[in-house]
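Residues per chain are reported as follows:
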Amino acid sequence: MDDLARTALGGARIRAAESARPDRLFDDPLATAFLAAADPDTVPDEASGDVGAAFAAGMVVRTRLLDDEAAAAGCRQMVLLGAGLDTRAFRLDWPPGTRVFELDRPEVVAFKESVLGDARPRCDRTPVPIDLADPWDDALLEAGFVPDRPTLWVPEGLLTYLSADDAGRLFSTVTTLSAPGSRLAFEYGGSVLPQARALPGLARYARLWQGGLGERTRGWLDENGWRTEWRDGEHLGRGSGVGVLVAIRLEVLGPSDGWS
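All of the points below concern the structure found in this document. (Residues numbered from 1 in each chain as written. Predicted model: local features only at pLDDT ≥ 70, side-chain atom pairs only at ≥ 80, totals over all residues. Heavy atoms only, no water.)

## Notes on the nonpolar core
Ranked by size, the top nonpolar core spans 44 residues in total, and within it Met78, Leu85, Trp94 and Leu152 carry the most contacts. Of all the elements in the fold, those that place two or more residues in this core are helix H1 (3-19), helix H2 (30-37), helix H3 (49-72), strand S1 (77-81), helix H4 (88-91), helix H5 (106-116), strand S4 (151-154) and strand S7 (243-249). No other element matches H3, which puts 8 residues into this core. Other than its neighbours up to four places away in sequence, Leu152 contacts Glu69, Ala70, Ala73, Cys75, Gln77, Met78, Val79, Arg183 and Ala185. (Core = buried A, V, L, I, M, F, W, Y, C linked by side-chain atoms within 4.5 Å. Buried < 20%, exposed > 50% of the residue type's maximum accessible area, 1.4 Å probe, protein only. Helix = DSSP H or I, 4+ residues; strand = E, 2+ residues; numbered from the N terminus. Contact = heavy atoms within 4.5 Å.)

Here you go:
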């Protein structure tokens, strides 16, 4: 794995540590299996000092908030963009008929599948090995994605690794493939990334951060047929200021519709 692929192992480390807490916000037993299968020298260690603890807490809170969104969205089709070592297909309770597509680079998908072995997902799970820097819509459609079905899209932890142009293209593809009622959910605001750049365990990975659309994200979505809502994590008791942005795809007939 290269450094970009190894960031998925850093997320697994944080989820494994959270799963061991008596007051855990989620339980991800497969995270430990991913760590056991990896060279320990290649696993990013983000959680050193106060800044590292805040970075890890932010990831934990966003994971729980996105878990809750998956449960509440009412969509029977979900797409994880940059799925990494996410195991929602295995650890969440899904309604019958739910299909989850997991898109990530081929080397990440290959490692993940080798560790999962005979683990049984709780939904119809379809891994799609594709580099999201390339056009990916055809690969998703060929895997069985149904564009006229409301979909929950989750690019968790992905957008900061994209340039503004790449993030705009990704959102454009998502918009094209989204039926009215689709939802898009990802972490937004409350970031400790500027301080986290100084952490020894993250220095080599911080150079990969490009910031996506940054503060223009919400405006882009509002202008392209989505209604945005903020979900904070204050009620979870950790990671003050951390939250996710949820965008809901509206049926926009033209510029005079005037939704608000």
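## Some words on the pattern of salt bridges
Tallied over the full model, the rule gives 23 salt bridges. A salt bridge links Arg21 to Asp23, with the shortest nitrogen-to-oxygen separation between them at 2.9 Å. On the basis of relative accessibility, which here comes to 42%, the residue Asp23 falls in the partly exposed class. Measuring nitrogen to oxygen at the nearest pair gives 2.8 Å for the salt bridge that ties Glu229 to Arg231. The class for Arg231 is partly exposed, based on a relative accessible area of 26%. (Salt bridge = Lys/Arg side-chain N within 4 Å of Asp/Glu carboxyl O.)

## Thoughts on the packing of H2 against H5
Relative orientation of the contacting elements H2 and H5 amounts to 110°, with a least axis distance of 10 Å. Considering their axes alone, H2 and H5 lie roughly perpendicular with respect to each other. Here H2 and H5 pass one another in a crossing that is right-handed. On the side of H2, the interface is formed by Leu30, Ala33, Phe34 and Ala37, while H5 contributes Phe111, Lys112, Val115 and Leu116. Within the contact of H2 with H5, the residues separate by chemical class into 7 nonpolar, no polar and 1 charged. (Axes fitted to C-alpha atoms, helices over the stretch in contact; angles between N-to-C directions. Parallel < 35°, antiparallel > 145°, perpendicular 65-115°, else oblique. Left-handed = near helix turned anticlockwise from the far one by under 90°. Nonpolar A, V, L, I, M, F, W, Y, C, P; charged D, E, K, R; others polar.)

## Digging into the sheet that holds strand S3 (residues 124-129)
Sheet architecture is open: 7 strands sit in the order S3-S2-S1-S4-S5-S7-S6, paired in mixed fashion. Each edge of the sheet is formed by a strand with only one pairing partner; in this case those strands are S3 and strand S6 (226-232). Strand-to-strand, the axes of this sheet are offset by a mean angle of 20°, without reference to chain direction. In the sheet, S1 pairs with S4 via 4 bridges, with the strands oriented parallel. Across the sheet, residue Gln77 finds its bridge partner in S4, namely Thr151. In the packing of H5 onto the sheet, contacts are made with strand S2 (99-104) and S3, and the angle to S3 comes to roughly 140°. (Pairing = 2+ DSSP bridges.)

## Focus: the packing of H1 against H2
The N-to-C vectors of H1 and H2 enclose an angle of 135°; their axes lie 8 Å apart at closest approach. In terms of orientation, H1 lies oblique with respect to H2. Considering only the axes of H1 and H2, their crossing is left-handed. Only Ala31, Thr32, Phe34 and Leu35 of H2 make contact with H1, whose side of the interface consists of Leu9, Ala12, Arg13, Arg15 and Ala16. The residue inventory of the contact of H1 with H2, partitioned by class, reads 6 nonpolar, 1 polar and 2 charged.

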